[in-house]
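As a plain string of letters, each chain reads:
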Amino acid sequence: MPEYEFVDVYVPRGVSRKDATRLLTDHAEYGHWELDRLSLHRDGSRRVRLRRRIIRQVRATW
């Protein structure tokens, strides 16, 4: 089973959809994050949960 680490990003209500898309795209491209969950609140703010896989290196034995 893969292990993931998570980060929560809060996008306030004054941020346009285009700017929010740009913010999340930057996280995805440069931090290797992917969208896990998005919550749109009644006031227009968004709470986004991003995840990325934790890659554990196996120690080589000689």
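Residues numbered from 1 in each chain as written. Predicted model: local features only at pLDDT ≥ 70, side-chain atom pairs only at ≥ 80, totals over all residues. Heavy atoms only, no water.

The name that an unreviewed UniProt entry assigns to the protein chain is Dihydroorotate dehydrogenase, with the source organism given as Streptomyces montanisoli.

Caption draft 1: Structural detail: the packing of aromatic side chains. Per the stated rule, a full pass over the model turns up zero aromatic pairs. In this arrangement the basic side chain of Arg 49 is found over the ring face of Phe 6, its NZ or CZ atom lying 5.3 Å from the centre. Residue placement shows Arg 51 over the ring face of Tyr 4; its charged tip is 4.3 Å from the ring centre. (Phe/Tyr/Trp six-rings, centres within 6.5 Å; stacked < 30°, edge-to-face > 60°. Lys NZ or Arg CZ within 6 Å of the ring centre and 35° of its normal.)

Caption draft 2: Up close: the sheet that holds strand S3 (residues 46-54). Pairing is antiparallel in the open sheet, where three strands are placed in the order S1-S3-S2. Each of the sheet's edge strands pairs with one partner strand only, and the pair in question is strand S1 (3-11) and strand S2 (34-40). Strand-to-strand twist in this sheet, taken as the mean axis angle between neighbours without regard to direction, amounts to 20°. When S1 meets S3, the two strands line up antiparallel, connected through nine bridges. (Pairing = 2+ DSSP bridges. Helix = DSSP H or I, 4+ residues; strand = E, 2+ residues; numbered from the N terminus. Axes fitted to C-alpha atoms, helices over the stretch in contact; angles between N-to-C directions.)

Caption draft 3: Fine view of the pattern of salt bridges. For the structure on display, the rule yields six salt bridges. Among the salt bridges present, the one from Glu 5 reaches Arg 52, with a minimum N-O distance of 2.8 Å. With a gap of 47 residues between them, Glu 5 in strand S1 and Arg 52 in strand S3 connect regions that are remote in the sequence. Judged by relative accessible area, Arg 52 falls into the partly exposed class, the value being 27%. In this structure, Asp 19 engages Arg 22 in a salt bridge whose closest nitrogen and oxygen atoms are separated by 3.2 Å. Linking Asp 19 with Arg 22, this pair stays in helix H1 (residues 17-31), spanning three residues, or about one helical turn. (Salt bridge = Lys/Arg side-chain N within 4 Å of Asp/Glu carboxyl O. Buried < 20%, exposed > 50% of the residue type's maximum accessible area, 1.4 Å probe, protein only.)

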